[in-house]
Amino acid sequence: MMKLRIAALVDSALDACVAAGLLPAGERPRVQLDAPKQAAHGDFACNSALVLQKQHAAATGAQKPNPRALAQAIVERLKDPEGLLSKVEIAGPGFLNLTLTPAAWHNELKSIEAEGAKFGRSNAGGGKKTMVEFVSANPTGPMHVGHGRGAVIGDTVASLLDWAGYAVTREFYVNDAGGQVFRLGHAVLARATEIAQSEGIEGCAGAPLVPLDPEDYQGEYVKDVSRAWLLSMPANARLAALTTPFEQQKEPLRKFSTDWVITNLIKEDLKLFNIRFDVWFSEKTLHDKDAITAAVEELKKKGVLAHEVLEKPADQKKADKTAKATAAHEAKSADAKGEAKVAEAKPDAKAAEAKAAEPTGHGDDEPVPEGKPLLVMKTTRFGDDRDRPIYKTSGEPTYFAADVAYHWDKLSRGYSRMVNVWGADHGGYVSRMKAAVKSMGGELEVILFQLVNLLKDGQPFKMSKRAANFVTLRELLEEAGADATRFFFLLRRGDMALDFDVALAKKNSSDNPVFYVQYGHARCCAILRKAQEEKGLTPKWDAAAMQALTLPEELEIARRLLAFPELVASAAEALEPHRVVFYLQETIAQFHGYYTKYKKTERVITDDAAKTQARLYLVWAVAQVLKNGLALLGVSAPERMQSDAPEAEGETAEA
RNA sequence: GGGCCCAUAGCUCAGCUGGAUAGAGCGUCGGACUACGAAUCCGAAGGCCGCAGGUUCGAAUCCUGCUGGGCCCGCCA
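Basis of the calculations
- Residues numbered from 1 in each chain as written.
- Chains lettered and ligands numbered in written order.
- Predicted model: local features only at pLDDT ≥ 70, side-chain atom pairs only at ≥ 80, totals over all residues.
- Helix = DSSP H or I, 4+ residues; strand = E, 2+ residues; numbered from the N terminus.
- Buried ≥ 20, exposed ≤ 12 C-beta atoms within 10 Å, placed from the backbone.
- Contact = placed C-beta atoms within 7 Å.
- Pairing = 2+ DSSP bridges.
- Near = placed C-beta within 6 Å.
- Nonpolar A, V, L, I, M, F, W, Y, C, P; charged D, E, K, R; others polar.
- Axes fitted to C-alpha atoms, helices over the stretch in contact; angles between N-to-C directions.
- Parallel < 35°, antiparallel > 145°, perpendicular 65-115°, else oblique.
- Left-handed = near helix turned anticlockwise from the far one by under 90°.
- Expected span 1.5 Å × (residues − 1).
- Arc of directions from axis to C-beta.
- Domains from an automatic or database assignment.
- pLDDT = per-residue confidence, 0-100.
- Core = buried A, V, L, I, M, F, W, Y, C linked by C-beta atoms within 7 Å.

Colleague: Would you explain the overall build of chain A in this entry?
Modeller: The number of helices and strands found in chain A is 26 helices and 15 strands. The buried share of chain A, reckoned over its 655 residues, is 41%. Taking as baseline every contact in chain A between residues at least 6 positions apart, the subset at least 24 positions apart corresponds to 77%.

Structural data, given as structure tokens:
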């Protein structure tokens, strides 16, 4: 990377300053080069003289720091054996403004051709074993929009880390243990007895109705599971299954139901999104192989466990809390970490509030006996505000305990970097889990993403027929298409709430950011096509011809394209995929500007062979970088845009 | 009551881990095609970077305290 080469030059100039006694020996902040906003400030601005002004003063015995003098000393010692620099200026309080020769950029552009689809990758991560755990939706129902955002952020962060040279594993933690999955099983049985009567499925006659419990999952999809369950067995076995008490078949029901949901709902949706997981990790296997007791043993050795009587949590507005809990439950919120609720209409919250007022006897948990000591993890020592129980009064492990065991497992599998992607509503879980991982000697990074507001032409968007309160992810995908959905989910920083306008996402015009970028790519392709068809020209890097790239806009584009690998690396480090989105938008905007400005005077394809060859290569390079960036985001880069004919509704699909 | 996140142009948001005169899109107003894709571009107007302190060569960025908004605060998962 060009920046690193220049930084190295400055660094050795600083060494020379040390040798001359102008700076103290030893550690110093690394050389930082910024891309200046002003073109007049050159290609890179270096602040070393400002950063080191005090050390300089101390070493030279000067009364007052004099950054410009230091800058001067650096410039005098700056060696440039390759002749990369055309101008070095001291500016302002003591910046070094460095300008490269056009030839330096021309030569560097060759790397885009050399690396092709890999341009943008680096080995910044040094092959470090890294896990990104994301979605981890409960296998109890369809994914909703909040899961979608988590899925796209997680997948793209994983890609970013991969591009930045980490050895990445994408993992889905399946919460197939605990109370919720049995509620699904019970719902499936109950619905099956309904269907057996209403749909006259063979071999079911005479089965009594099992009533659906108010705590069971109410969604329509449960009937699909029930139907599949009945059809999965021979007709002559159905009546027996329908009449066997739930308690006696809860485990097989659980298994069938969660498997079905994962296969037919979750995996299907992820497929539409083009997301593949490397590992599906079942929570149940942790229980089955006693991983929790094993993890507890480890924690004991580390001295982070204790027996404690837990106090009731601090006072809260009770009415409010009950209302919320009910509302959330209504919409099925006892979900694992992939979730961020879709903004829901106020009326529902109101309804829930009203509901909470009546004594519905809703309580999915038995009263907890107080005053009994429990085995807890001392997470407060690591920044949590409350110690967390490992086992419930009933003796069962808590969800937290399983998660601790799970992360212990991750650590023992050798993941030194662990990233989890959670919805903002799990914010309260972060410090606890970080504390737990820290006590086990690891470090956990958590990306918390905020909720999604679905809009259509600025108005709240509603459509769900199947899942009472939520727009499902699949509905959104069918409405907006995978490309637009992915792009829109990445359009904002994760810690910002996101307004997702479905109407905008479908629009074929430049106010639709996905379209804008894809169109830009297609436009470049159109130029390349024309050159091929009319002149038989193929873009390729040619040292002699490249000298024809002299327009300032052309060099700016080159500089921007060549900064792509660095951008990817820093976006990966910050775990911020939205940076790639902005980069792509800005890059293509710059190209459009250049193109329009010169379309009458300095066209790409002319009779000037060298200019044509050089510009063709530049256009090709723009397309290649856009293509790579879009690939990184999981969005297609079409070579032609579909015409906006009124009947054409579909998504432009291209790999 | 406590914890996490957010506050930047009329609206929606960037701001590269502390750099020089704070940027983009939408919206408003005014312009540019006999086409290598006008599905685009150019220009203008628009700012107390929520408020008040602090840190330093230098703050939208870091620290503290306020104000306003979101999420959360079970032995549930």
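Colleague: Which parts of the structure should I look at to understand the sheet that holds strand 15 (residues 498-501)?
Modeller: Sheet strands pair by backbone hydrogen bonding; their relative direction is either parallel or antiparallel. Spatial strand order, 14-13-15: three strands in an open sheet with mixed pairing. Unpaired on one side and paired on the other, strand 14 (459-460) and strand 15 mark the two borders of the sheet. Examined bridge by bridge, strand 13 (residues 452-456) and strand 14 share two bridges and lie antiparallel to one another. Bridge pairing in strand 14 links Lys456 to Gln459.

Colleague: How should I be thinking about the protein's contact with RNA strand B in this particular structure?
Modeller: By nearness alone, 86 residues border RNA strand B, and Gly178, Tyr399, Gly428, Ser510 and Ala526 come closest of all. Of all the elements in the fold, those that place two or more residues in the surface near RNA strand B are helix 2 (48-51), strand 4 (95-100), helix 8 (179-198), helix 16 (399-412), helix 17 (427-439), helix 21 (513-535), helix 24 (564-574) and helix 25 (578-598). In terms of residues, the surface near RNA strand B owes the most to one element, helix 25, which gives eight residues. Along the lines of polarity and charge, the residues of the surface near RNA strand B split into 39 nonpolar, 24 polar and 23 charged.

Colleague: Explain unusual backbone geometry to me, please; I cannot follow it from the model alone.
Modeller: Comment: phi is negative for the bulk of residues other than glycine, and the bulk of peptide bonds are trans. A positive phi angle, near 65°, is found at Asn274, a position not held by glycine. Counting through the fold element by element, Asn274 comes out in the loop between helix 11 (246-272) and strand 7 (279-282).

Colleague: Just checking my understanding: could you explain the sheet that holds strand 1 (residues 33-34) for this structure?
Modeller: One open sheet accounts for four strands, arranged 1-2-4-3; its pairing is antiparallel. Single-partner strands in this sheet number two, and they are strand 1 and strand 3 (85-91). One ladder, built from six bridges, connects strand 3 with strand 4; its direction is antiparallel. What sits directly across from Lys87, in strand 4, is Thr99. Seen against the sheet, helix 4 (residues 67-77) touches strand 3 and strand 4 and runs at an angle of roughly 165° to strand 3.

Colleague: For this particular structure, what's the right way to read the packing of helix 7 (residues 145-163) against helix 24?
Modeller: If you want to describe how two helices pack, look at the angle between their axes and the distance between the axes. Closest axis-to-axis distance for the helix 7/helix 24 pair is 8 Å, and the angle between their directions is 125°. The orientation of helix 7 with respect to helix 24, classified from their angle, is oblique. Helix 7 and helix 24 meet at a crossing whose hand is left-handed. Residue-level contacts link Leu160, Leu161 and Trp163 of helix 7 to Val568, Ala571 and Ala572 of helix 24. In the contact of helix 7 with helix 24, the residues fall into six nonpolar, no polar and no charged.

Colleague: Which parts of the structure should I look at to understand the pairing of strand 15?
Modeller: Consecutive side chains along a regular strand alternate between the two faces of the sheet. Burial along strand 15 is one-sided: Leu498 and Phe500 are buried, while Asp499 and Asp501, pointing the other way, are not. Pairing analysis gives four bridges linking strand 13 to strand 15, with the strands arranged parallel. Counterpart to Asn453 in the pairing with strand 15 is Asp499.

Colleague: Explain helix 1 (residues 2-19) here, please?
Modeller: Working note: α-helix, 3.6 residues per turn, so residues spaced by three or four point in the same direction. The first and last C-alpha atoms of helix 1 sit 26 Å apart over 18 residues, in line with the 26 Å expected at 1.5 Å per residue. For helix 1, the set of buried residues is Met2, Ile6, Leu9, Val10, Ala13, Leu14 and Cys17. The arc enclosing the buried residues of helix 1, seen along the axis, measures out at 140°, which places them on a common side. For helix 1, the exposed residues set more than 90 degrees away from the buried face come down to Leu4, Ala8 and Ala19. Positive phi shows up at Gly21, right after helix 1, with a value of about 80°.

Colleague: Got a minute to help me understand the domain arrangement of chain A in this structure?
Modeller: Think of interface size as the accessible area that goes away when the parts come together; that is how it is often given. What the domain assignment reports for chain A is domain 1 (2-100), domain 2 (101-133 + 508-655) and domain 3 (179-272). Here the C-alpha centre of domain 3 lies 71 Å away from the C-alpha centre of domain 1.

Colleague: Explain the environment of Pro81 to me, please; I cannot follow it from the model alone.
Modeller: When you line up the elements, Pro81 lands in the loop between helix 4 and strand 3. Each C-alpha atom, one on Pro81 and one on Met2, is 15 Å from the other, the two residues being 79 residues apart in sequence.

Colleague: Can you help me understand the pairing of strand 9 (residues 374-377) in this one?
Modeller: Inspection of the sheet shows strand 8 (residues 305-308) paired to strand 9 by four bridges, in the antiparallel sense. Each bridged residue has a counterpart across the sheet, and for Ala306 the counterpart in strand 9 is Val376. Here two bridges tie strand 9 to strand 10 (residues 388-389), and the two strands are oriented antiparallel to one another. When the bridges of strand 10 are listed, Val376 appears paired with Pro389.

Colleague: Please clarify how the confidence of the model for chain A should be interpreted in this entry.
Modeller: If pLDDT is low for a region, its predicted coordinates should not be looked at in detail. Of all residues in chain A, 88% attain a pLDDT of 70 or more, and the chain-wide mean is 87. Counted against residues more than four places away or in other chains, residues 338-366, with its pLDDT under 50, gives 52 contacts. Low pLDDT (under 50) marks residues 644-655, which in the prediction has 15 contacts with non-local residues, meaning those over four places away or in another chain.

Colleague: Looking at this structure, I do not really get helix 23 (residues 552-562). What am I missing?
Modeller: The complete set of buried residues in helix 23 reads Glu554, Ile557, Ala558, Leu561 and Leu562. Along helix 23, the residues classed as buried sweep out an arc of 125° about the axis, all on the same side. On the buried face of helix 23, the contacting elements are helix 1, helix 5 (102-108), helix 6 (110-115), helix 24, helix 25 and helix 26 (609-633).

Colleague: Got a minute to help me understand the packing of helix 8 against helix 11 in this structure?
Modeller: At a minimum axis distance of 8 Å, the contact between helix 8 and helix 11 shows a crossing angle of 100°. Classified by the angle between their axes, helix 8 and helix 11 sit roughly perpendicular to one another. For the pair formed by helix 8 and helix 11, the contact residues are Val181, Phe182, Leu184, Gly185, His186, Val188 and Leu189 on the first element and Phe246, Lys250, Leu253, Arg254, Ser257 and Thr258 on the second. In terms of residue class, the contact of helix 8 with helix 11 is built from seven nonpolar, four polar and two charged.

Colleague: I would appreciate a short explanation of the nonpolar core in the present structure.
Modeller: As a rule of thumb, nonpolar side chains are buried together in soluble globular proteins. By size, the foremost hydrophobic cluster in this structure holds 169 residues, and its most contacted members are Ile74, Ala405 and Val622. The element contributing the most residues to this core is helix 26, with 14 residues. Excluding its chain neighbours within four sequence positions, the residues that come into contact with Ala405 are Leu286, Ala291, Ile292 and Ala295.

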